[in-house]
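Inside the fold
The lines below spell out each chain.
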Amino acid sequence: MHIQRACDAVDLPDDAQLQAWVQAALAGVLERPRRATTLTLRIVDADEGAELNQRYRGRSGPTNVLSFPFEPPPGLPPAAMAALDEELAAELAAELGDIVICAPVLRREAEQQGKRLAAHTAHLVVHGTLHLLGYDHIDPAEASEMEALETVILGGLGFSTPYEVSEEPDDERPSA
């Protein structure tokens, strides 16, 4: 796992905690642990978060977490992949992708939702890792499955559910 801290966010959890949360997400989903898995977790400021959100999602302003599952270069024929030497082919097969967390948004959401910064960071790390593994929350059934997985994984790490059920019928639950 590669961790890139591209902003001054000294109050965020350390690299060992971030790595443990990624490993918990992988273990919570994969029946058999992969022999090797690589991903990059990048923590950014609001400017970089906004630029990435605009470029890849067409939305202005920063968002809390973005996930970029690894895809081989476009147009690479299967024969070219097969021709790669064994070591490079194994590295590509192990690559999950990239997770980008915007520190200012993370901090603001934790405050607004009354959550500890570590708990909200763990949630976004688990959430981003699940996206790299193919989980999504576009339709209600997928969202329920992903939220349930997040709750179980975070519970195993000692955190409470990230999804609060409100008494208000029109309330929208905060989610990553």
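Throughout what follows, the structure given in this document is the object of discussion. Owing to the predicted nature of the structure, the values given are computational and were not obtained by experimental measurement.

Counting its regular elements, the chain contains seven helices and four strands. By the burial criterion, 36% of the 176 residues in the chain qualify as buried. Across the chain, contacts joining residues at least 24 apart in sequence account for 69% of those joining residues at least 6 apart.

Turning our attention to the environment of Ala-148. Tracing the backbone through its elements, the reader meets Ala-148 in helix H7 (residues 140-156). On the accessibility criterion, Ala-148 (41% relative accessible area) is partly exposed. Once the C-alpha coordinates of Ala-148 and Tyr-163 are considered, the two residues, 15 residues apart in sequence, prove to be 9.5 Å apart.

Locating His-127 in the fold gives a position in helix H6 (residues 117-132). The exposure class of His-127 is buried, given its relative accessible area of 2%. At 3.2 Å, the side chain of His-127 and the side chain of His-137 are in polar contact.

Taken together, the four strands give an open sheet; going across it, the order is E1-E2-E4-E3, and neighbouring strands pair in mixed fashion. Across the chains shown, the open sheet's two edge strands, defined by having one partner strand only, are strand E1 (2-5) and strand E3 (65-69). When strand polarity is set aside, the average angle formed by the axes of neighbouring strands in this sheet is 15°. Judged from the four bridges that link them, E1 and strand E2 (residues 38-44) form a sheet pairing that is parallel. For Ile-3, the partnering residue across the bridge sits in E2 and is Leu-41.

Here we come to the packing of aromatic side chains. Applying the stated criterion across every chain yields a total of two aromatic pairs. Measuring from ring centre to ring centre gives 5.8 Å for Trp-21 and Phe-159, while their planes differ by 75°; the resulting arrangement is edge-to-face. Of this pair, Trp-21 sits in helix H1 (residues 15-29) while Phe-159 is found in the segment after H7, placing the two residues 138 residues apart along the sequence. Each of the two residues, Trp-21 as well as Phe-159, counts as buried.

Using the criterion set out here, one finds four salt bridges in the structure. Put simply, Arg-107 and Asp-11 hold a salt bridge, and the shortest N to O gap is 2.9 Å. You can see Arg-107 sitting in helix H5 (residues 103-112) and its partner Asp-11 sitting in the loop between E1 and H1, a full 96 residues away along the chain. For Arg-107, a relative accessible area of 26% corresponds to the partly exposed category. As a salt-bridge pair, Glu-51 and Arg-55 come within 2.2 Å of each other at their nearest N and O atoms. A residue pair is termed a helical-turn pair when its members lie 3 or 4 positions apart in one helix, as Glu-51 and Arg-55 do in helix H2 (residues 46-57) at four residues. For Glu-51, a relative accessible area of 37% gives the class partly exposed.

Rules and cut-offs
- Residues numbered from 1 in each chain as written.
- Predicted model: local features only at pLDDT ≥ 70, side-chain atom pairs only at ≥ 80, totals over all residues.
- Heavy atoms only, no water.
- Helix = DSSP H or I, 4+ residues; strand = E, 2+ residues; numbered from the N terminus.
- Buried < 20%, exposed > 50% of the residue type's maximum accessible area, 1.4 Å probe, protein only.
- Contact = heavy atoms within 4.5 Å.
- Polar contact = N/O pair within 3.5 Å; in protein donor to acceptor, adjacent residues only side chain to side chain.
- Pairing = 2+ DSSP bridges.
- Axes fitted to C-alpha atoms, helices over the stretch in contact; angles between N-to-C directions.
- Phe/Tyr/Trp six-rings, centres within 6.5 Å; stacked < 30°, edge-to-face > 60°.
- Salt bridge = Lys/Arg side-chain N within 4 Å of Asp/Glu carboxyl O.

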